[in-house]
Amino acid sequence: MDTSRPSGSVNNEPYVYIKNTLAELEAIHQNHQLAELNISLELKHAGDAHQGAVWHRKVKVVQSNTSLLQRFLRLFTTEGRKQRRQHREAAALFRGQLWALLQTEKAPYSLKKQVIQAVENDVLPFLKESECKTIISSKDTILSNPKERKIIREAAGFLKKELAGLLSRLPQVTLEDSREVLKAYYQLIILSPELLPDEHKAHEAVSKLGKHFRNTRQAVGFTDLKDTIALSVLHDIREKLSLEEYQQLTKRIGNVFTYPYSPRQRALRNALNLIFNNGLGSSSVQGHPRELVSARDLALLKDSYQGLFFRYSRVHRLEENLLADGCAVAARISRLPSELRTLDLDRVTQDFQQYESLRRTLSAANQDQDQEFKALEARCKTHRALIAEGRAALLHVQLNQGRRWELNLLLEGIGKANIYGTDAEHNQQMFKKLLDLAQLRGPQVDLAQLDWIIAQNKKANRHPNVAIEGAGPTGLMLAFTQFQEGANVSVFEKRSTAYNRLQVVRLDPKWMDMLKFYLGEHYYDLFGENGQAGKGMVRTDGLGERQAKLSLTGWKRL
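In this text the structure is predicted, and so the values were computed from the model without any measurement.

**Remarks on the pattern of salt bridges**
Part 1 of the reasoning: The tally for this structure, following the rule as stated, stands at 20 salt bridges.
Part 2 of the reasoning: For Arg384, the salt bridge goes to Asp451, with nearest N and O atoms at 4.0 Å. In this pair, Arg384 is assigned in helix α18 (residues 371-399) and Asp451 in helix α21 (residues 443-459), connecting sequence segments 67 residues apart.
Part 3 of the reasoning: With relative accessibility at 37%, the residue Asp451 sits in the partly exposed group.
Part 4 of the reasoning: Its salt-bridge partner being Glu521, residue Arg441 comes within 2.9 Å of it at the nearest N-O pair. Here the residue Arg441 occupies a position in the loop between α20 (424-437) and α21, and Glu521 occupies one in helix α24 (residues 521-527), the gap between them amounting to 80 residues.
Part 5 of the reasoning: Overall, the relative accessible area of 24% leaves Glu521 in the partly exposed class.
Part 6 of the reasoning: Through salt bridges with shared partners, a single network forms among Asp140, Glu148, Arg252 and Arg264.

**Digging into the nonpolar core**
Part 1 of the reasoning: Formed by 82 residues in total, the largest nonpolar core has its most connected members in Ile237, Leu308, Phe431 and Leu434.
Part 2 of the reasoning: Top element by residues in this core is helix α8 (residues 179-191). It accounts for nine residues.
Part 3 of the reasoning: Aside from chain neighbours lying at most four places away, what touches Leu308 is Leu234, Tyr246, Thr250, Ile253, Gly254, Asn255, Val256, Phe257, Leu268 and Leu272.
Part 4 of the reasoning: Among the nonpolar cores identified, the runner-up in size contains 33 residues, and Trp55, Ala91, Phe94 and Leu111 belong to it.

**Quick look at the packing of aromatic side chains**
Part 1 of the reasoning: The full count for this structure, using the stated rule, is 13 aromatic pairs.
Part 2 of the reasoning: Ring centres 5.7 Å apart and planes at 70° place the aromatic pair Phe94 and Phe126 in the edge-to-face group. You can see Phe94 sitting in helix α3 (residues 78-103) and its partner Phe126 sitting in the loop between α4 (109-120) and α5 (129-137), a full 32 residues away along the chain. Neither residue differs from the other here; Phe94 and Phe126 are each classed as buried.

**Overview of the packing of helix α19 (residues 407-416) against α20**
A packed helix pair is summarised by two numbers, namely the angle formed by the two axes and the spacing between the axes.
Part 1 of the reasoning: Viewed as axis vectors pointing N to C, α19 and α20 meet at an angle of 160°, and their least axial separation amounts to 8 Å. It follows that α19 is roughly antiparallel to α20 by the angle criterion. With respect to the hand of their crossing, α19 and α20 are arranged in right-handed fashion. Facing Leu407, Leu411, Glu412, Ile414 and Gly415 of α19, the residues of α20 in contact are Ala424, Asn427, Gln428, Phe431, Lys432 and Leu435.

**Some thoughts on helix α1 (residues 14-30)**
Residue pairs spaced three or four apart in an α-helix point in one direction, given the helix's 3.6 residues per turn.
Part 1 of the reasoning: With 17 residues, α1 should reach 24 Å at 1.5 Å per residue; the first-to-last C-alpha distance of 24 Å fits that figure.
Part 2 of the reasoning: All of the buried residues in α1 are Pro14, Tyr15, Tyr17, Ile18, Thr21, Leu22, Leu25 and Ile28. Buried residues of α1, viewed axially, fall in a sector of 155°; they line one side.
Part 3 of the reasoning: As for α1, its buried residues are in contact with β1 (35-39), β2 (59-63), α3 and α4.
Part 4 of the reasoning: Just beyond α1, the residue with positive phi is His32, at close to 60°.

**What about unusual backbone geometry?**
Part 1 of the reasoning: Here the bond from Leu170 into Pro171 is cis, since omega is 10°, no more than 30 degrees from zero.
Part 2 of the reasoning: The topology assignment puts Pro171 in the loop between α7 (146-168) and α8.
Part 3 of the reasoning: Of note, the phi angle at Asp122 is positive, near 60°, even though the residue is not glycine.
Part 4 of the reasoning: Position of Asp122 among the secondary structure elements: in the loop between α4 and α5.
Part 5 of the reasoning: A positive phi is found at Gln306, a non-glycine position, where the angle reads about 75°.
Part 6 of the reasoning: With respect to the helices, strands and loops of the structure, Gln306 is situated in the loop between α13 (295-304) and α14 (313-333).

**Overview of α13**
Part 1 of the reasoning: Within the sequence span of α13, burial applies to Asp297, Leu298, Leu300, Leu301, Asp303 and Ser304.
Part 2 of the reasoning: On the buried face of α13, the contacting elements are α10 (219-240), α11 (243-253), α12 (263-280), α14 and α19.
Part 3 of the reasoning: Two residues or fewer after α13 comes Gln306, characterised by a positive phi angle close to 75°.

**Considerations on the packing of α11 against α13**
Part 1 of the reasoning: It is at 9 Å that the axes of α11 and α13 come closest, and there the two elements cross at 65°. Seen from α11, the contacting residues are Leu243, Tyr246 and Gln247; seen from α13, they are Leu300, Asp303 and Ser304.
Part 2 of the reasoning: Here the contact of α11 with α13 is built from residues that sort into three nonpolar, two polar and one charged.

What counts, and where the lines are drawn
Residues numbered from 1 in each chain as written. Predicted model: local features only at pLDDT ≥ 70, side-chain atom pairs only at ≥ 80, totals over all residues. Heavy atoms only, no water. Salt bridge = Lys/Arg side-chain N within 4 Å of Asp/Glu carboxyl O. Helix = DSSP H or I, 4+ residues; strand = E, 2+ residues; numbered from the N terminus. Buried < 20%, exposed > 50% of the residue type's maximum accessible area, 1.4 Å probe, protein only. Core = buried A, V, L, I, M, F, W, Y, C linked by side-chain atoms within 4.5 Å. Contact = heavy atoms within 4.5 Å. Phe/Tyr/Trp six-rings, centres within 6.5 Å; stacked < 30°, edge-to-face > 60°. Axes fitted to C-alpha atoms, helices over the stretch in contact; angles between N-to-C directions. Parallel < 35°, antiparallel > 145°, perpendicular 65-115°, else oblique. Left-handed = near helix turned anticlockwise from the far one by under 90°. Expected span 1.5 Å × (residues − 1). Arc of directions from axis to C-beta. Nonpolar A, V, L, I, M, F, W, Y, C, P; charged D, E, K, R; others polar.

Below is the structure:
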């Protein structure tokens, strides 16, 4: 059947005709009366019977006024048999028109939805029971747009191709190995769950993966992976659809927080709760990227409201938390020197490079006598003081409010913060400057941070003696922080730096932020830069990894 835009119908508007016909059938149905269909317009050309003929004829709705006895007697008359044949022909024609409408991508969404509702309300008795079941079970696919159907086709093809192979590799399958299969699985669960009925082998496969990861003590990791993937799939769908298309999808799915929960509702509920729990719960200990609320997450919640959930109060509370944390950051950075906000980082970089070059070429005597060098040295000292204070403020934010929000979203919260005596726009500019300061590198930046740490130690009111047992990552980080707070620190390690232990030290993202601050250029020796691994590596999820035998040697050298 040709499902392109039909031609040859009255005013070339078959959808208006279908809509009017459905309205007449619904009116008769509501009055608890019977309706019959008759063909009201014959074919224009004989050849139309092969191409698009279904749209060259119309049916009209006739309210049946005959009694049950009259309908029974008509079974035995020639005229009665003729009328029944005409009714069957008209019903077949209208069925064909409905199927053509449901299959074409150009039919209005609202009209397709009206047809499905008519089927669900039993307004179309001339449809076979099997046809009604097919339409109802396929309504997600019918109402989907071309972009959704493309995702569905690709996901179904990938799942069919890769699922068996993944299961055949058990028990050697890792969490990362299962990522792409789970992504395709959740794309189908969200967009077209009728393609994955309860008995489908994909559900059994996910259950087997869950059992495998429970047996290997990775059950929590597998649950986190599923929820994270479901959320990323929802993000991808939102970005590929227009706002109107996405809201049509969410309204079609309905509230995912109502019982009983279907597999689709459970997946979406867990995905949305991931955002709510991150923004409304206690701050993340690790600051893992998946535990931070992003601007994307907040926009997704707002676009999903009134579709996937109806309680905007949770979104409002999340926005209130963002504003509160934005105010806390604004209050912190408003105390920074105003010169920092207007600091020209290009000029700073140029001064640092020129200073390092002259320091290497001029003798000590010439450095004392060269007025230009002394002026440059004074400027660099001022730069270093501003940079160290700014980077310290940024680290404070990363270790506190940065455990809940991505920094770009926190920047929005700072812009909305109303702190007495401060300017919101200036606070935003200051925070952007702090983010830019984090990208500075070089000997002068390292010296700035070292001077700042020593200055903090000297400013402390008390200087207790602190002994730290063990020069591993935790011991060395504790030494830095205790010294910064004013302690006189001694670190004791019974093993030599040649100690060989083939274990991997894994450091969470907030540890990595602290290491970048305290170690300066040595951080890049340990973990590489620009995606290139050093003696260790920074994973795509922000975690740092390093072999313990190398880590101990490298960090002892510091």
